[in-house]
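# Topology and contacts: notes
These are the residues of each chain, in order.
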Amino acid sequence: MKIFKRVLVWAMLSLMLQSMVLLYFEKIIFVETTKITYRKEDTEEKPEKVTEVTMPEEAEDFELSYDGKFVAYMSNGKINVVNTTTGKKSYGIVDDKNISILCYDWQTDKNILLIAEKRYNDNGTEVINIIAHNPSSNTTREVHEVCNYKEGMLVENIANSTKSSVTYVPVSRGGNNATIYRIDINDDIEKLDDRVASLGCINVFYAKDALIYEDRIKQQYYRYSNDQMTIIDFDNPAKTTILGLTNNGVIYAGIKNSEDKITEIIYGEDKVSTKEWEKTTLPEPKEISDLYIVKGDNSGSGDILVNNKLEGKVTNLTTNEVVEYEGKFIAMNDSIVCSLNDSILKIKSLKSTKK
């Protein structure tokens, strides 16, 4: 019996001791440790995105990066880049009087500006050369020397497939007799076997090495992939124009009326016969320059954006959302619409919409 009493006493003492310890932690320790303190940077508001940037009067040839963070433009023969988030400008990306700029285009999903330039190489030969400029780090690297330059040569665009790391550079003589050069992931260069009599639009898919281009004299569209060239079977190629390629592998083409305005849009995968493509009719005929196809990733791919210059607004025909802008329309992409109003570049997010 005495042993039982002793055990009971010790058990009660143990429970009392545990209760006192728990009470201490609850009233003293836990109160101190659960107080929340905020660092200064957590409570400070982040700077708002710049929506207006003062531009020189001679600014021209605006090109928007894929996410709208950067805008490249020409001024006094030099390429400049402005950061639309901070308003900071980088002047004279290629600052050499012996180098001429032929063309520049942004990569599909990276803020890297590809530039085709005419310059003299180390051997003293005048060549067409490709460089890549990163405005975030303000660095430039050599990509590849394309070919020797001859009087009258043009590079009107650079088609880049970021995911497959392939770049196509079309070089023509005054717009005719074009040769298309292909630069692969290893920086090896080759040229397509067939020359293009008169190169029209040229596009490349984001996620696969497949080139789509137009021969205006032959009035045909071609698909080039894995060293094979095939004709895209449009019913009337002369009245068809490629509007854009989406990142999920769909071609969008416009059907033109007698005034060369787009009245219908057909779309489908490049390997599928165009007879199986879907079709949408526009509410009214539109200029080709007023239409933009959202490249997208998953959501939004293939949305049709229509610009109305007179009313200063962009309408998404797929979602019926509208974005209004001020001044002269400059360009738009998946993310933003840019306009110029009294030398002020105005940037408006295409997500700032209303129905």
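Residues numbered from 1 in each chain as written. Predicted model: local features only at pLDDT ≥ 70, side-chain atom pairs only at ≥ 80, totals over all residues. Heavy atoms only, no water.

### What about the sheet that holds strand β9 (residues 139-148)?
Quick note on the threshold: Strand pairing requires that DSSP identify at least two bridges connecting the strands. Numbering of helices and strands runs from the N terminus; a helix is a DSSP stretch of H or I covering at least four residues, while a strand is a stretch of E covering at least two. In this analysis an axis means a line fitted to C-alpha atoms, helices contributing only their contacting stretch, and an angle means the value between N-to-C directions, from 0 to 180 degrees.
Overall, antiparallel pairing links the four strands, which are arranged β6-β7-β8-β9 in an open sheet. At either margin of the open sheet sits one strand with a lone partner, and together these are β6 (100-106) and β9. Averaged over all pairs of adjacent strands, the angle between strand axes in this sheet comes to 25°, irrespective of strand direction. As defined by bridge partners, β6 adjoins strand β7 (residues 113-120) across six bridges and the pair is classed as antiparallel. In the sheet register, S100 faces β7, and the bridge partner there is K118.

### A short note on unusual backbone geometry
As a reminder, the rule being used: Each residue is assigned to one of three classes by its accessible area relative to the maximum for its type, calculated with a 1.4 Å probe on protein chains only: buried under 20%, partly exposed between the two thresholds, exposed over 50%.
Look at D61: it is not a glycine, yet its phi comes out positive at around 55°. Within the element layout of this structure, D61 appears in strand β2 (residues 60-64). In this structure, Q219 takes a positive phi of about 55° despite not being glycine. On the basis of relative accessible area, Q219 is assigned to the partly exposed category, the value being 43%.

### Describing the side chain of T162
Cut-off, in case you're wondering: Under this definition, polar contacts are N or O atom pairs within 3.5 Å; protein pairs additionally need one hydrogen-donor-capable and one acceptor-capable atom, and for neighbouring residues in sequence, both atoms have to be side-chain atoms. A contact between two residues is defined here by any heavy atoms of the two lying within 4.5 Å.
Tracing the backbone through its elements, the reader meets T162 in the loop between β11 (159-161) and β12 (166-173). Within the structure, the side chain of T162 is placed 3.0 Å from the side chain of N160, a separation counted as a polar contact. Ignoring anything within four residues of it in the chain, the contact list for T162 reads Q107, T108, D109, K110 and Y206.

### Describing the packing of aromatic side chains
To be explicit about the condition: Each Phe, Tyr or Trp ring (for Trp, its six-membered ring) is paired with any other whose centre lies within 6.5 Å, and the angle between the two planes then decides the class: stacked below 30 degrees, edge-to-face above 60, tilted in between. Counting as a charge over the ring demands two things of the Lys NZ or Arg CZ atom: a distance within 6 Å of the ring centre and an angle within 35 degrees of the ring normal.
With the rule as written, the count across this model stands at eight aromatic pairs. Aromatic pair Y252 and Y267: ring centres 4.8 Å apart, planes at 5°, arrangement stacked. Here the residue Y252 occupies a position in strand β20 (residues 250-256), and Y267 occupies one in strand β21 (residues 262-269), the gap between them amounting to 15 residues. With relative accessibility at 8%, the residue Y252 sits in the buried group. Its relative accessible area of 21% is what places Y267 among the partly exposed residues. Between Y325 and F329 the ring centres are 5.9 Å apart and the planes differ by 50°, which places this aromatic pair in the tilted class. With relative accessibility at 10%, the residue Y325 sits in the buried group. Using a relative accessible area of 15% as the deciding quantity, one classes F329 as buried. Taken together, the aromatic side chains of Y221, F234 and W277 make up a single cluster linked through ring pairs. The ring of F205 carries K208 above its face, with NZ or CZ at 4.6 Å from the centroid.

### With respect to the sheet that holds strand β24 (residues 304-308)
To summarise the sheet geometry, strands pair through backbone hydrogen bonds and adopt either a parallel or an antiparallel arrangement. Taken in spatial order, the four strands make up an open sheet running β23-β24-β25-β26, and their pairing is antiparallel. This sheet does not close on itself; its edge strands, each paired only once, are β23 (291-293) and β26 (321-324). Along the sheet, successive strands turn relative to each other by an average axial angle of 20°, direction set aside. Both strand β25 (residues 313-316) and β26 contribute to a ladder of four bridges, which runs antiparallel. Across the sheet, T315 pairs through a bridge with V322, a residue of β26.

### Describing the pattern of salt bridges
Once their charged atoms are close, side chains differing in charge can pair, the charge on each being opposite to the other. Here is the rule we go by: For this document, the term salt bridge refers to a Lys or Arg side-chain nitrogen within 4 Å of an Asp or Glu carboxyl oxygen.
For the structure on display, the rule yields 14 salt bridges. Two residues, K275 and D235, come together in a salt bridge whose shortest N-O distance is 3.9 Å. Of this pair, K275 sits in the loop between β21 and β22 (278-286) while D235 sits in the loop between β18 (228-231) and β19 (240-245), placing them 40 residues apart in sequence. Like K275, the residue D235 is exposed in the burial classification. Its salt-bridge partner being K309, residue D290 comes within 2.3 Å of it at the nearest N-O pair. Linking D290 in the loop between β22 and β23 with K309 in the loop between β24 and β25, this pair joins segments that are 19 residues apart in sequence. On the basis of relative accessibility, which here comes to 8%, the residue D290 falls in the buried class. What makes K309 partly exposed here is its relative accessible area of 46%.

### Overview of a positive patch on the surface
We count it as follows: Patch membership requires over 30% relative accessible area and the absence of a salt bridge. Like charges are linked within 9 Å, and nonpolar side chains (Val, Leu, Ile, Met, Phe, Trp, Tyr) within 5 Å. Per-residue accessibility takes into account occlusion by the displayed protein chains alone, with areas from the Shrake-Rupley method and a 1.4 Å probe. The charged-residue count follows a simple rule in which Lys and Arg add positive charge and Asp and Glu add negative charge, with His and chain termini not counted at all. Where a charge lies is defined by one atom per residue type, namely NZ (Lys), CZ (Arg), CG (Asp) and CD (Glu).
Positive charge collects at one region of the surface, where K150, R173, K191 and R195 lie side by side. Here K191 is to be found in strand β14 (residues 189-191).

### Let's talk about the environment of R182
Mapping R182 onto the fold places it in strand β13 (residues 176-183). Taking C-alpha positions, R182 is 7.3 Å from L192, a pair spaced ten residues apart along the chain. Once you skip the residues sitting within four places of it in the chain, R182 turns out to touch V166, T167, Y168, D188, I189, E190, L192, D209 and Y224. Of note is the side chain of R182, whose polar atom sits 3.4 Å from the side chain of Y168.

### Some words on the pairing of β12
The buried count for β12 comes to seven of eight residues, which makes it a mostly enclosed element. Inspection of the sheet shows strand β10 (residues 153-154) paired to β12 by two bridges, in the antiparallel sense. Across the sheet, residue M153 finds its bridge partner in β12, namely R173. Where β11 meets β12, three bridges bridge the pair, whose relative direction is antiparallel. Paired with A159 across the bridge in β12 is Y168. Hairpin connection from β11 to β12: four residues lie between these consecutive antiparallel strands, with S165 at a positive phi of about 55°. Pairing between β12 and β13: six bridges, direction antiparallel. Bridge pairing in β13 places P170 opposite I180. Where β12 folds back onto β13 in an antiparallel hairpin, the turn is made up of two residues, including G174, whose phi is positive at roughly 65°.

Coordinates in, geometry out; function isn't part of it.
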